[in-house]
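Listed here are the chains, written in short residue letters.
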Amino acid sequence: MAKSAIQKIAMNPSENIAYDKLVLSQENVRRVKDGVTIEQLAEDIGRRKLLQSLNVRPVLDANGEETGTFEVPAGGRRYLALGILVKQKRLAKHEPIPCIVNRSGTTSAEEDSLAENVHRENLHPLDQFRAFNALKEQGLDVEEIAARFFVSSATVKQRLRLASVSPKLLELYERDEIRLEQIMAFSISDDHARQEQVWERISGNPNMQEPYYIRRLLTETTVRADDRRAVYVGAEAYESAGGVILRDLFEQDSGGWFQDAALLEQLVFDKLKVDAEVVRADGWKWVEAAISFPYGHTSGMRRVYAEPEELNAEEIARHDALKAEYDALDAKYAEMEEADQEIEDKLDQLGAELDGFSDRPQVYDPMQKAIAGAFVTLGANGQPQIEAGFVRPEDEPRAETDEDDDDATGGDRDPSQADDDGANRVVVNGRPVNGASEGAEEPEDEGIKPLPERLVFDLTAQKTLALRNALASDVDIAFVAVLHALVLQVFYRFAKDNCLEVSMTSNSFGQVQGLAETAWAKEIAERHEAWDRDMPDSDRLWEFLLGLDEASRKALFAHCASLSLNAVVEPWNKRPGALAHADALAATLGFDMVEAGWSPTVDNYLGRVTKARIVQAVREARGEDSAQLIDHMKKDLMAREAARLLEGSNWLPEPLRLDGGDVVDAGETGTEDVADETAPDGDAAELPAFLADDAVTSSEVPVTVSDETTENLQAAE
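Below you will find a few notes about this structure. It should be emphasised that the depicted structure is a prediction, and the values quoted were computed from it without experimental measurement.

Rules of the game
Numbers given for residues are sequential positions, taken from 1 along each chain in its written order. Two thresholds apply to this predicted model, a pLDDT of at least 70 for residue-level local features and 80 or more for giving and counting side-chain atom pairs, whereas whole-chain, interface and lining totals are computed over all residues. To obtain the side-chain values, all non-hydrogen atoms of the structure were included, while hydrogens and water were left out. Runs of E in the DSSP output that reach at least two residues are strands. Runs of H or I that reach at least four are helices, and both are numbered from the N terminus. Residue exposure (1.4 Å probe, protein chains only): buried if accessible area is under 20% of the type maximum, exposed if over 50%, otherwise partly exposed. We call two residues in contact whenever any of their non-hydrogen atoms come within 4.5 Å of each other. The protein chains shown are the only cover counted for residues, whose accessible areas, like all others here, come from Shrake-Rupley with a 1.4 Å probe. We treat two strands as partners when DSSP finds at least two bridges between them. To get an axis, a line is fitted to the C-alpha atoms, and for a helix only the part in contact is used. The angle between two axes follows their N-to-C directions and goes from 0 to 180 degrees. Orientation categories follow fixed angle ranges, with anything under 35 degrees roughly parallel, anything over 145 roughly antiparallel, 65 to 115 roughly perpendicular, and all other angles oblique. Each crossing gets its handedness from the near helix: less than a right angle anticlockwise from the far helix is left-handed, clockwise is right-handed. Following the grouping adopted for this structure description, the nonpolar residues are Ala, Val, Leu, Ile, Met, Phe, Trp, Tyr, Cys and Pro, the charged ones are Asp, Glu, Lys and Arg, and the polar ones are all others, Gly among them. Pairs of N or O atoms within 3.5 Å make up the polar contacts considered here, provided that, within protein, one atom can donate a hydrogen while the other can accept it, and that residues adjacent in sequence are counted only when both atoms are side-chain atoms. Picture the helix axis, draw a direction to every C-beta atom, and the arc is the one those directions span. For this analysis, a nonpolar core means a set of buried residues of the types Ala, Val, Leu, Ile, Met, Phe, Trp, Tyr and Cys, connected via side-chain atoms within 4.5 Å. Throughout this description, the term salt bridge denotes a Lys or Arg side-chain nitrogen within 4 Å of a carboxyl oxygen of Asp or Glu. To estimate how far a helix should reach, multiply one less than its number of residues by 1.5 Å. The pairing test for Phe, Tyr and Trp rings, Trp by its six-membered ring, is centres within 6.5 Å, and the orientation test on the planes gives stacked under 30 degrees, edge-to-face over 60, and tilted for anything in between. Counting as a charge over the ring demands two things of the Lys NZ or Arg CZ atom: a distance within 6 Å of the ring centre and an angle within 35 degrees of the ring normal.

Let's talk about the overall build of the protein chain
In step 1: Of the regular secondary structure elements, the protein chain holds 27 helices and 18 strands.
In step 2: In the protein chain, buried positions account for 35% of the 717 residues.
In step 3: Relative to all contacts within the protein chain whose residues are 6 or more apart in sequence, the contacts with residues 24 or more apart total 69%.
In step 4: By element, 51% of the accessible surface of the protein chain is carried by carbon and sulfur atoms, the whole surface being about 43600 Å².

Observations concerning the sheet that holds strand S7 (residues 245-246)
In step 1: An order of S6-S8-S7 is seen for the 3 strands of this open sheet, with the pairing classed as antiparallel. Looking along the sheet, the strands with just one partner apiece sit at the ends: strand S6 (223-224) and S7.

A look at the sheet that holds strand S4 (residues 66-74)
Remark on secondary structure: sheet strands pair via backbone hydrogen bonds, oriented parallel or antiparallel.
In step 1: Across the sheet, which stays open at both edges, the 5 strands sit in the order S1-S5-S3-S4-S2 with mixed pairing between neighbours. Lying at the two open borders of the sheet, with one neighbouring strand each, are strand S1 (14-18) and strand S2 (22-24). Across the sheet, the axes of successive neighbouring strands diverge by a mean angle of 50°, strand direction being ignored.
In step 2: The strands touched by helix H2 (residues 76-87) are S2, strand S3 (54-60), S4 and strand S5 (96-101); relative to S2, the strand with the most contacts, the crossing angle is about 120°.

Considering the packing of helix H14 (residues 313-335) against helix H15 (residues 341-358)
In step 1: Orientation of H14 relative to H15, taken along the N-to-C sense of each, is 150°, at an axis distance of 10 Å. As far as their axial angle goes, H15 and H14 are roughly antiparallel. Between H14 and H15 lies a crossing of left-handed hand. Residues Glu315, Arg318, His319, Leu322, Lys323, Glu325, Tyr326, Leu329, Asp330 and Tyr333 of H14 touch H15, and the partners they reach there are Ile343, Glu344, Lys346, Leu347, Leu350, Gly351, Glu353, Leu354 and Phe357.
In step 2: Looking at the contact of H14 with H15 residue by residue, the class counts come to 9 nonpolar, 2 polar and 8 charged.

Quick look at the side chain of glutamate 641
In step 1: Within the secondary structure, glutamate 641 is located in helix H26 (residues 635-645).
In step 2: Take glutamate 641: its relative accessible area is 2%, and that puts it in the buried class.
In step 3: Of note is the side chain of glutamate 641, whose polar atom sits 3.1 Å from the side chain of arginine 644.

Observations concerning helix H1 (residues 38-48)
In step 1: What H1 keeps buried is the set Ile38, Leu41, Ala42, Asp44 and Ile45. Each buried residue of H1 sits inside an arc of 165° when the element is viewed along its axis, so together they form one side.
In step 2: Once H1 ends, the next one or two residues include lysine 49, with phi positive near 65°.

A word on the nonpolar core
In step 1: Counting 47 residues, the largest nonpolar core has Leu169, Ile183, Phe186, Leu606, Ile614 and Ile630 as the members making the most contacts within it.
In step 2: Counting only elements with at least two residues in this core, the list comes to helix H4 (125-137), helix H7 (167-174), helix H8 (180-186), helix H9 (192-202), helix H10 (211-218), helix H24 (611-622), helix H25 (624-630) and H26.
In step 3: A per-element tally of this core places H26 first, with 6 residues.
In step 4: Residues in contact with isoleucine 183, not counting those within four places in the same chain, are Leu162, Val165, Leu169, Leu170, Tyr173 and Ile178.

Things to note about the pairing of S5
In step 1: Side chains Ile97, Cys99 and Val101 of S5 all project onto a buried face; the interleaved residues Pro96, Pro98 and Ile100 project onto a face where none is buried.
In step 2: When S1 meets S5, the two strands line up antiparallel, connected through 5 bridges. The residue bridging alanine 18 from the neighbouring strand is proline 96, located in S5.
In step 3: Pairing geometry for S3 and S5, over 3 bridges, is parallel. Its bridge partner being in S5, asparagine 55 is matched across the sheet by isoleucine 100.

Thoughts on the pattern of salt bridges
In step 1: If you walk through the whole model with that rule in mind, you get 24 salt bridges.
In step 2: The shortest N-O distance in the salt bridge between glutamate 177 and arginine 175 comes to 3.0 Å.
In step 3: Exposure remark for glutamate 177: the relative accessible area of 46% places this residue in the partly exposed category.
In step 4: With its nearest N and O atoms 3.1 Å apart, the salt bridge here joins arginine 179 to glutamate 181.
In step 5: You can call arginine 179 partly exposed: its relative accessible area is 38%.
In step 6: Here the residues in one salt-bridge network are Glu15, Glu66 and Arg103, joined through shared partners.

Here's the deal with the packing of H10 against H26
In step 1: In contact at an axis separation of 13 Å, H10 and H26 are set at 130° when each is read in the N-to-C sense. When the axis of H10 is compared with that of H26, the two are oblique. Every pair of crossing elements has a handedness; the one defined by H10 and H26 is right-handed. Packed against H10, whose contacting residues are Tyr212, Tyr213, Arg216 and Leu217, the element H26 presents Leu637, Arg640, Glu641 and Arg644 at the interface.
In step 2: Looking at side-chain class alone, the contact of H10 with H26 contains 4 nonpolar, no polar and 4 charged residues.

Quick look at helix H13 (residues 261-280)
In step 1: End to end, H13 covers 28 Å across 20 residues, agreeing with the expected 28 Å (1.5 Å per residue, within 8%).
In step 2: The complete set of buried residues in H13 reads Leu264, Leu267, Val268, Leu272, Ala276 and Val279.

Re the packing of aromatic side chains
In step 1: A full pass over the atoms with the stated rule returns 8 aromatic pairs.
In step 2: The interplanar angle of 70° and the centroid separation of 6.3 Å between the aromatic rings of phenylalanine 186 and tryptophan 199 together place this pair among those described as edge-to-face. Here tryptophan 199 lies in helix H9 and phenylalanine 186 lies in helix H8, a separation of 13 residues in the sequence.
In step 3: Residue classification places phenylalanine 186 among the buried residues on the basis of a relative accessible area of 0%.
In step 4: For tryptophan 199, a relative accessible area of 12% puts it in the buried group.
In step 5: Ring centres 4.7 Å apart and planes at 75° place the aromatic pair tryptophan 284 and tyrosine 364 in the edge-to-face group. In this pair, tryptophan 284 sits in the loop between H13 and strand S9 (286-289) while tyrosine 364 sits in the loop between strand S12 (362-363) and helix H16 (366-369), placing the two residues 80 residues apart along the sequence.
In step 6: Its relative accessible area of 24% is what places tyrosine 364 among the partly exposed residues.
In step 7: Each residue in the set Trp286, Phe293, Phe375 and Phe390 is aromatic and connected to the rest through ring pairs, giving one cluster.
In step 8: Seen from the ring of tyrosine 232, lysine 271 lies directly overhead, with NZ or CZ sitting 4.5 Å from the centre.
In step 9: The ring of tryptophan 284 has lysine 369 sitting right over it, with the charged end atom 5.3 Å from the ring centre.

Here's what the structure looks like:
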């Protein structure tokens, strides 16, 4: 039996048909304007002519005969774009247009229109990148490419940025083994070897393949452009020194990342030296400069402050004249029954001039600057901060005394040591008092002898008890007396004499890295400096305290008392009673470290404990599901991911909980004990899993891609 011949397909013929013989078919399925606009398409056709023919059908009359007119069911946007060129008289209305004429009638006009649009595939971003790159190599710049294809310059730059991605990764992207968002994340770095290393690290774990995490790995040894060091040096100076800035064209990067951290640090130090020299040239004895100083670096130093610049004789005369004129005009205005705008304006003018005398520039005494110094450091905003007026103990001026004369002659004598006549010697009210045994009778010489030591002791003991009794009956004065003792110890290094045997110790904890940068340390320092500015000489302190209002005295007392608080756990000094009291005090104050602003980070906790502790923290705060997301990671990566998972969880490590308290599950009302760190995997206490809403996984982190990053060329229809 012979095989039937396969019927060959016959293509529809191509004809050139005058534009004025064409009409738009109402069967065209495209109704919504999308992609390249018709005006832009007209411009493109005007530049490069038609790249694709129109699909047309003959219009038939009632008898089924062709009328010479053709409708356009597929290619309607090209037809309308040609119409714009005709209206602009850039195209003749009878210009022949290439058309494919369908006379077979085997398919409907709607089907042809739908097929042309549905079967078209958008250009792959990688092909678009290669095409843009080819045009760039042909000599077109970014703006010209963007103008020709009606896309933004940012889109062209983003596509061209893909050239910085390793060819191996681009091959994986072409095979759909890597997503576009991941390729965009890799483009942040030009180091192909590093890109491939990161992909090898994360390719086996889908939870680690999020774009944000790829960017984090590629920039983990860099410094963000909004870091205070980068702001201080500036991008221009850094790049002039040979530094490279990594930029992310697909996401907001706040200026990018400074790739060479060592170079940036050196530039910071070099610039700080220059700024320190400028400060020292102002007359200070010494200047120290650093990116930051440890908390308590000024401990043991006295501070002097600038005072308003003194008025000269001419300024004093001018001030007095203005004051007299103001007072006279003010008194006159007070007697007037109606308001006078002219007088009010004059009073405002005089008041502004008088205020100018009050707002004098602050200047330091040159003699104080000669013994004091300054610290230059970087603020959080990247601007240099100057703390000036600190006097070191060894630079304190020494007053010449009789002891100095004795030292010069080798006569450093102690009043308690024997005098030349062998009698013990004490000083009362500046006069020496010779001691003797109580029962021994001394020969009477002319004049009155000093009182015996024992008698002086007995009398002053009686005075002390009586004074104690009197002080106990006056709460307000007792408060001032204790405050006086505290203020002497807090603000006056060399003036601690006080009749109250009240001592205070304030540990600065300078060995704790980064403590000075905490919000609490800054607030304490600001409060201390504000009080320090108001302090008088030590001999006038008592009158100063008596003159304060009650609220100010209490605030100063609280400040001084707070500096003595110590709840630090030290291996050599357990202090269980003191630590229990600290917890009781915190409970009374309603204090909580979470409300105070503490949260676990890599630096302050997670990077300094074992992996078991990290997993335990996540389990306690977020549940078992979240803990399992990180339990297989290396420690550095685990710590960073744990910090992200613990954000907003209110979780605290044991030393920061009141009474070392139990952990309260956010989804339960019960408590669970803390797991022992010596357990093999830190799972000594299994905690119930949190509700699904509370568990946060890497795959749940949203990835936002802008419209421009996913925009492809709209192929001509």
